[in-house]
Amino acid sequence: MTDKPKASAAQQRSAARFAAIQALYQAELSQLSASDIVREYSDFRLDGEGGRDLDLTNEDLIDPDRGFFADLVQGVTARIVDIDALINGALEKGWTTKRLETVLRSILRAGTYELMAREDVPMRVVITEYVDAAHSFFDEKEPKLVNAVLDRIGKNLRAGEAGQN
């Protein structure tokens, strides 16, 4: 067994965000609880041994910040009504989270939760991370939507940090 490469805290958080997006997607489709999803990911998808046995991870991938991952998944689930209200308010007229593709909805929910609850993470970092994640799944249109929606939400929630001019 080889060890995963050493990663910075920022890289581990990026990996946690990506795993959280996938976990939120799975949670929505499977209707499993947040704690069940976190447990499954911790036991089988994020764990080096179980992950390799199930061929769900690559041993060269960065080990995610597990606490951050759990906070994202459980936080989104616990505050889903407030999160969706913020997203709906930031979408163009006539659009709601229900009209969004499931992965896109998961990206926006995780990003919105971070803007709401993780003031230890700068707004620009949150937006950049989730736009980058959106590029992993989509072409230009969806990452631009993620940028616009999270920027609107960030300016609403963190007006001082956003540097409203």
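Just above sits the structure.
Anyway, here's the lowdown on the structure attached to this text. (Residues numbered from 1 in each chain as written. Predicted model: local features only at pLDDT ≥ 70, side-chain atom pairs only at ≥ 80, totals over all residues. Heavy atoms only, no water.)

Description of the packing of aromatic side chains
Phase 1 of the analysis: Inspection of the entire model under this criterion finds two aromatic pairs.
Phase 2 of the analysis: With a centroid separation of 5.3 Å and 10° between ring planes, the pair formed by Phe18 and Phe137 is classed as stacked. Of this pair, Phe18 sits in helix H1 (residues 9-30) while Phe137 is found in helix H7 (residues 123-137), placing the two residues 119 residues apart along the sequence.
Phase 3 of the analysis: Relative to Phe138, the ring of Phe137 lies with its centre 6.4 Å away and its plane at 55°, an arrangement referred to as tilted. (Phe/Tyr/Trp six-rings, centres within 6.5 Å; stacked < 30°, edge-to-face > 60°. Helix = DSSP H or I, 4+ residues; strand = E, 2+ residues; numbered from the N terminus.)

Looking at the packing of H7 against helix H8 (residues 141-157)
Phase 1 of the analysis: The contact between H7 and H8 brings their axes to 9 Å, and the two run at 160°. Judged by the angle between their axes, H7 and H8 are roughly antiparallel. Where H7 crosses over H8, the two elements pack in a sense that is right-handed. Residues Met123, Arg124, Ile127, Tyr130, Val131, Ala134 and His135 of H7 lie in contact with H8, whose contacting residues are Pro143, Val146, Asn147, Leu150, Asp151, Gly154 and Lys155.
Phase 2 of the analysis: When grouped by side-chain class, the residues that make up the contact of H7 with H8 number eight nonpolar, three polar and three charged. (Axes fitted to C-alpha atoms, helices over the stretch in contact; angles between N-to-C directions. Parallel < 35°, antiparallel > 145°, perpendicular 65-115°, else oblique. Left-handed = near helix turned anticlockwise from the far one by under 90°. Contact = heavy atoms within 4.5 Å. Nonpolar A, V, L, I, M, F, W, Y, C, P; charged D, E, K, R; others polar.)

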